[in-house]
Amino acid sequence: MSTFPDEEAIAQAAASLRAGKLVAFPTETVYGLGADATNADAVLSIYETKGRPRFNPLIAHVADLAMAETLAVFSPLARALAERFWPGPLSIVVPLRPGHGLADVATAGLDTVALRMPDHKIALALLRAVGRPLSAPSANPSGKLSPTTAEQVRRGLGGRVPVLDGGACKAGVESTIVAVDGESIIQLRAGALAREEIEAAFGRKVIRAAKGAKISAPGMLLSHYAPNAAMRLDTVPQPGEAFLAFGPAGDFDGEVRNLSPAGELHEAARNLFSMLHELDATGAKVIAVAPVPHEGLGEAINDRLQRAAAPRG
Ligand code: AMP
Ligand code: MG
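All of these numbers come straight from a predicted model, not from anything done at the bench.

> Mind showing me how you'd approach the nonpolar core here?
Among soluble globular proteins, nonpolar side chains are generally buried collectively. Within the largest apolar cluster, 51 residues are counted, with the highest numbers of intra-cluster contacts made by Phe55, Leu244, Leu259, Leu272, Ile287, Ile301 and Leu305. Going through the elements one at a time, β2 (32-36), α2 (40-50), α5 (104-107), α7 (150-157), β11 (242-245), α9 (265-281), β13 (286-289) and α10 (298-309) are the ones with two or more residues in this core. The greatest single-element share of this core, amounting to eight residues, is contributed by α9. Apart from residues lying up to four places away in sequence, Leu259 is in contact with Leu244, Ala245, Phe246, Glu267, Ala268, Asn271, Leu272, Met275 and Val292.

As structure tokens, this is what we get:
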């Protein structure tokens, strides 16, 4: 039998999270691998622990709508969705508010964020005790099934992360994700909240976003952040190009950012999105990007660089 975490266990877990450590916790959908969403290093630990090979935007879990509104701007329809279905298995994609404080690795450099208030006593107690949003993808190694018991989390992650045990999850599948476009509700991912339930509550059809569909409204971009500049993988930049370096780099007479002069992957991952944004903002037509070793976080960094460099249609 598992003992339900008491107040002290919650307080301890909250202190760990505030200190940048990971804690796995139950929600009504699946167990989440939680990190302080405002702490880039903590969020990067999620990637390292899951062995996740690509950076994708993570759902930020909040204690209530008030916390959500400090992070993002809710249109009347987005707010109505939250008021109707929170706490619950509905993640709502909303535009970030200036000064939101979320780490850019938590949003994968997007200007929107998927927010959700989980319907679970332990998750909510934890969120309130932390007082900050928590990034929490499923608490399993990348490519494996989402865990619905604490035991599965321990087995999957090999005891590397403390787990708050709340027994078995009610839903067992991930949250439904929607975005709002004017008066339309667009479903980005099917999940524990049925589309029909949203349709019944709001008296309108929920549009299913086609995979990879190009939608222009804010918050609807399924594609990942891509710079305006063309990108080219090379150790040597050409004159007129901007350069994203990694490790010791020679002199270059142009706009340069170095992901990590010491050649450190964690530092590189932390700098990735902000430096891409900065170099893009210089107006350079081409950004030359140095290759990064393909190990640990390097895999996710390279994936992002390759996709940013891929030709766009
Ligand atoms: P999870 O790994 O459970 O945190 O789920 C993350 C899912 O939410 C991914 O499928 C993302 O594509 C989606 N998602 C998160 N943030 C956004 C966003 N800002 N825009 C579109 N989809 C998002
Ligand atoms: Mg998962």
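> What exactly am I supposed to notice about the pattern of salt bridges here?
Charged atoms that come close allow side chains of opposite charge to pair. One pass over the structure, following the stated rule, counts 17 salt bridges. Note that Arg154 and Asp165 form a salt bridge whose closest N and O atoms lie 3.7 Å from each other. Of this pair, Arg154 sits in helix α7 while Asp165 sits in the loop between α7 and β7 (176-181), placing them 11 residues apart in sequence. The class for Arg154 is partly exposed, based on a relative accessible area of 35%.

> Explain the environment of Glu183 here, please?
Considering the arrangement of structural elements, one finds Glu183 in the loop between β7 and β8 (184-189). Taking the relative accessible area as the measure of exposure, Glu183 reaches 56% and is therefore exposed.

> Looking at this structure, how should I read the confidence of the model for the protein chain?
Low pLDDT means the predicted coordinates in that region are not meant to be read closely. Per-residue pLDDT for the protein chain has a mean of 92; in total, 93% of the residues score no lower than 70. This stretch, residues 215-222, has a pLDDT under 50; its non-local contacts, to residues over four places away or in other chains, come to 19 contacts.

> Explanation requested: the packing of helix α4 (residues 76-85) against helix α8 (residues 195-202) in the structure shown.
Axes are the key here: two packed helices are described by the angle between their axes and the distance separating the axes. Where α4 contacts α8, the axes come no closer than 12 Å and their chain directions differ by 110°. Here α4 lies roughly perpendicular to α8, going by the angle between them. Considering how the two elements wind past one another, α4 and α8 form a crossing that is right-handed. Contact residues: Leu77, Ala80, Leu81, Arg84 and Phe85 in α4; Glu197, Ile198, Ala201 and Phe202 in α8. The residue inventory of the contact of α4 with α8, partitioned by class, reads seven nonpolar, no polar and two charged.

> Quick question: what am I supposed to make of α7 here?
Since one α-helical turn is 3.6 residues long, residues separated by three or four positions face the same way. Within α7 the residues assigned to the buried category are Ala150, Val153 and Leu157. Projected onto a plane normal to the axis of α7, the buried residues spread over an arc of 55° and lie on a single side. Turning to α7, the residues buried within the fold contact β1 (23-25), β2 and α2. Positive backbone phi, at 60°, marks Gly158, one or two positions downstream of α7.

> Teacher, can you tell me more about the site of ligand 1 here?
The full set close to ligand 1 counts 14 residues, and Arg52, Pro57, Ile59, Thr112 and Ile177 are the nearest of them. The separation between an oxygen atom of ligand 1 and a polar main-chain atom of Ile59 is 3.2 Å. Against a free-state accessible area of 500 Å², the protein chains account for coverage of 85% of ligand 1. For the shell around ligand 1, the element with the highest residue contribution is strand β5 (residues 112-116), accounting for three residues.

> Help me understand the packing of aromatic side chains, please; the structure alone is not making it clear to me.
Each pair of aromatic rings is reported with the distance of its centres and the angle of its planes. For the structure shown, the criterion picks out five aromatic pairs. Relative to Phe202, the ring of Phe85 lies with its centre 6.3 Å away and its plane at 35°, an arrangement referred to as tilted. You can see Phe85 sitting in helix α4 and its partner Phe202 sitting in helix α8, a full 117 residues away along the chain. A single burial state applies to Phe85 and to Phe202, both of which are buried.

> Mind showing me how you'd approach the pairing of strand β4 (residues 90-95) here?
As a general feature of sheets, a regular strand has side chains that alternate between the two faces. In terms of residue burial, β4 counts as a mostly covered element, since five of its six residues are buried. Here β4 pairs with β7 via four bridges, running parallel. From the neighbouring strand, Ser91 faces β7, where its bridge partner is Ile177. Summarising the sheet, β4 and β5 pair through four bridges and their orientation is antiparallel. Within β5, the position partnered with Pro95 by the bridge is Thr112.

> What exactly am I supposed to notice about unusual backbone geometry here?
Keep in mind that most residues, glycine aside, have a negative phi and that most peptide bonds are trans. With an omega of -10°, the peptide bond running from Trp86 to Pro87 counts as cis. For Ala108, which is not glycine, the phi torsion reads 55° and is therefore positive. Of the residues examined, Ala108 reaches a relative accessible area of 0% and is grouped as buried.

Thresholds, definitions, all that
Residues numbered from 1 in each chain as written. Chains lettered and ligands numbered in written order. Predicted model: local features only at pLDDT ≥ 70, side-chain atom pairs only at ≥ 80, totals over all residues. Heavy atoms only, no water. Core = buried A, V, L, I, M, F, W, Y, C linked by side-chain atoms within 4.5 Å. Buried < 20%, exposed > 50% of the residue type's maximum accessible area, 1.4 Å probe, protein only. Helix = DSSP H or I, 4+ residues; strand = E, 2+ residues; numbered from the N terminus. Contact = heavy atoms within 4.5 Å. Salt bridge = Lys/Arg side-chain N within 4 Å of Asp/Glu carboxyl O. pLDDT = per-residue confidence, 0-100. Axes fitted to C-alpha atoms, helices over the stretch in contact; angles between N-to-C directions. Parallel < 35°, antiparallel > 145°, perpendicular 65-115°, else oblique. Left-handed = near helix turned anticlockwise from the far one by under 90°. Nonpolar A, V, L, I, M, F, W, Y, C, P; charged D, E, K, R; others polar. Arc of directions from axis to C-beta. Near = heavy atom within 4 Å. Polar contact = N/O pair within 3.5 Å; in protein donor to acceptor, adjacent residues only side chain to side chain. Areas by Shrake-Rupley, 256 points an atom, 1.4 Å probe, with all protein chains shown as cover. Phe/Tyr/Trp six-rings, centres within 6.5 Å; stacked < 30°, edge-to-face > 60°. Pairing = 2+ DSSP bridges.

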